[in-house]
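Below, each chain spelled out in residue letters.
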Amino acid sequence: MIPFEWLSQADERIAPHIVRTPLTHDAARNLFIKWENRQKTGSFKARGALNKILALEEWERKQGIVTASAGNHGQGVALAGQLTGAHTTCFVSDHAVQVKVDAIRALGAEIVTVRGGYPEAEAAGRKYSQDNQGTWVSPYNDGQVIAGQGTIGLELVCESTLVDSLNDEFTVLVPVSGGGLIAGIGSVFANLPGRPRLVGVQPETAPFMHGLFYHGSQDGIPDLPSLADGLTGAVESDSVTIPMVKQLVDEILLVSEKDIARAVGFAFIEYAETIEPSGAVTIAAALMGLAGSRPVVAIVSGGNIQPEVHAQMVAEYLREARA
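Rules used throughout
- Residues numbered from 1 in each chain as written.
- Predicted model: local features only at pLDDT ≥ 70, side-chain atom pairs only at ≥ 80, totals over all residues.
- Heavy atoms only, no water.
- Buried < 20%, exposed > 50% of the residue type's maximum accessible area, 1.4 Å probe, protein only.
- Helix = DSSP H or I, 4+ residues; strand = E, 2+ residues; numbered from the N terminus.
- Contact = heavy atoms within 4.5 Å.
- Pairing = 2+ DSSP bridges.
- Arc of directions from axis to C-beta.
- Right-handed = clockwise from strand over helix to strand, strands pointing away.
- Salt bridge = Lys/Arg side-chain N within 4 Å of Asp/Glu carboxyl O.
- Axes fitted to C-alpha atoms, helices over the stretch in contact; angles between N-to-C directions.
- Polar contact = N/O pair within 3.5 Å; in protein donor to acceptor, adjacent residues only side chain to side chain.

A.B. asks: An account of helix α10 (residues 208–215) is needed here, citing residue identities and associated values.
C.D. replies: Burial analysis of α10 places six of its eight residues in the buried class, the great majority of the element. Turning to α10, its buried residues are Phe-208, Met-209, His-210, Gly-211, Leu-212 and Phe-213. Along its buried surface, α10 packs onto β8 (197–203), α11 (241–248) and β9 (251–255). Looking one or two residues past α10, Gly-216 carries a phi angle of roughly 70°, positive in sign.

Listed below in structure tokens is the structure:
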């Protein structure tokens, strides 16, 4: 797990540059929601990217920062590059959500579009970084990135909105792809005397970490399209997150595309919050009752979604509600 000292240092390092996002309580549903869609760049990814890049030596930043992203991590890296004056290059899939790509570019990063999915973009980015002696910043396979994401856990354990304190009576739902966010939060919880139940949530169409967690393998899992584009793609085989997830996480749940879309609409109608499908998986799991009868804390990881796609999901939710 990540040393608690790293988590504390990350919290101090990024505090001037991020938002301490709100936690709200829906008493009728026994549901607390952490709104990282309100974060700088609209996603929790800014935390890890900022911590990693601010912690680099100046010579490492001068070599240029290289990354690959489905969209949100790239925005975090671009923001950190803007703050530090480092040139950033972000490799993206030609299937990436355009609003996310445009936001990365607007923050000053150079965009390289790669034909294929996220795995192809990452492979191209890694090769470019090696060939040009750039400093590679992984979206999740990096201790400092994980520590930055873990600052969400530090905020939760200090949150007065929670009843008494965050303890073993709670279940915390976290979106999972490569596992950086849940590994960071789990590292915080490991230091609590009564640790809450930590549960990951993935789309049914991309259960890569689910396969690793339950079967020790992601072989044979098809990389299918998902509304939750930020949660797709295989996990790097040597990722430091894999053993951490196995050690720190209690369960990984899967949710359907229909339930993800419904959760996006629900969040807007019930809470007036615009969230992306990757961030909605936790609300989907909570609404389905998959977390059981305990009080639930759902981490909504981001809110970057094409406006027309969001409008469609909200309209469909309203049609179902009236039926």
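A.B. asks: So what's going on with the sheet that holds strand β5 (residues 110–114)? Residues and values would help.
C.D. replies: Working definition: the strands of a sheet are paired by backbone hydrogen bonds and lie parallel or antiparallel to each other. Read from one edge to the other, the open sheet built from four strands follows the order β5-β4-β3-β6, with strand pairing classed as parallel. Of all the strands in the sheet, just β5 and β6 (135–136) have a single pairing partner and so form its edges.

A.B. asks: Before we move on, can you summarise α11 with the specific residues and values?
C.D. replies: An α-helical turn contains 3.6 residues, so a residue and the one three or four places further along point in the same direction. Every buried residue of α11 is listed here: Thr-241, Ile-242, Met-244, Val-245 and Leu-248. For α11, the angular spread of the buried residues around the axis is 165°, confining them to a single face. Lining the buried residues of α11 we find α7 (143–149), α9 (180–189), β8, α10 and β9.

A.B. asks: Could you give an account of the pairing of strand β3 (residues 65–68), with specific residues and numbers?
C.D. replies: Neither face of β3 is left uncovered, since the one carrying Ile-65 and Thr-67 and the one carrying Val-66 and Ala-68 both have all their residues buried. In the sheet, β3 pairs with strand β4 (residues 88–93) via four bridges, with the strands oriented parallel. When the bridges of β4 are listed, Val-66 appears paired with Thr-89. For the crossover that starts at β3, traverses helix α4 (residues 72–84) and ends in the parallel β4, the hand is right-handed. Looking at chain direction, β3 and β6 are connected through two bridges and run parallel.

A.B. asks: So what's going on with the pattern of salt bridges? Residues and values would help.
C.D. replies: Under the definition given, this model contains 18 salt bridges. As a salt-bridge pair, Arg-262 and Asp-259 come within 2.5 Å of each other at their nearest N and O atoms. With a gap of three residues between them, Arg-262 and Asp-259 both fall in helix α12 (residues 257–271), about one helical turn apart. Note on Arg-262: relative accessible area 26%, which makes it partly exposed. Here Glu-316 and Arg-319 are joined by a salt bridge, their closest N and O atoms 2.6 Å apart. Linking Glu-316 with Arg-319, this pair stays in helix α14 (residues 307–322), spanning three residues, or about one helical turn. Among the residues examined, Arg-319 registers a relative accessible area of 47% and is labelled partly exposed. Members of the salt-bridge network, linked through shared partners, are Lys-34, Glu-36, Arg-47 and Glu-155.

A.B. asks: Give a description of the sheet that holds β9 that names residues and reports values.
C.D. replies: Sheet architecture is open: six strands sit in the order β1-β2-β10-β7-β8-β9, paired in mixed fashion. For this open sheet the edge positions go to β1 (23–26) and β9, each flanked by a neighbour on one side alone. Shown here is a sheet whose adjacent strand axes are inclined to one another by a mean of 25°, direction ignored. Sheet topology places β1 next to strand β2 (residues 31–35); four bridges connect them, and they run antiparallel. Of the residues in β2, the one forming a bridge with Leu-23 is Lys-34.

A.B. asks: Give a description of the pairing of strand β10 (residues 296–300) that names residues and reports values.
C.D. replies: Strand residues, when the strand is regular, have side chains that alternate between the two faces of the sheet. Most of β10 sits out of view: five of its five residues are buried. Residues Val-296, Ala-298 and Val-300 line one face of β10 and the alternating positions Val-297 and Ile-299 line the opposite face, and both faces are buried. Pairing analysis gives five bridges linking β2 to β10, with the strands arranged parallel. Across the sheet, the residue bridging to Trp-35 is Val-300, located in β10. Relative to β10, strand β7 (residues 171–175) runs parallel, the two sharing three bridges.

A.B. asks: A description of the side chain of Lys-34 should follow, citing residues and the corresponding values.
C.D. replies: Its location among the elements puts Lys-34 in strand β2. Within the local environment of Lys-34, its side chain forms a polar contact with the side chain of Glu-155, the two groups lying 2.5 Å apart. Here Lys-34 is in contact with Thr-21, Pro-22, Leu-23, Ile-152, Glu-155, Leu-156, Ala-298, Ile-299 and Val-300, once residues within four sequence places are set aside.

Just distances and angles here, no functional claims.
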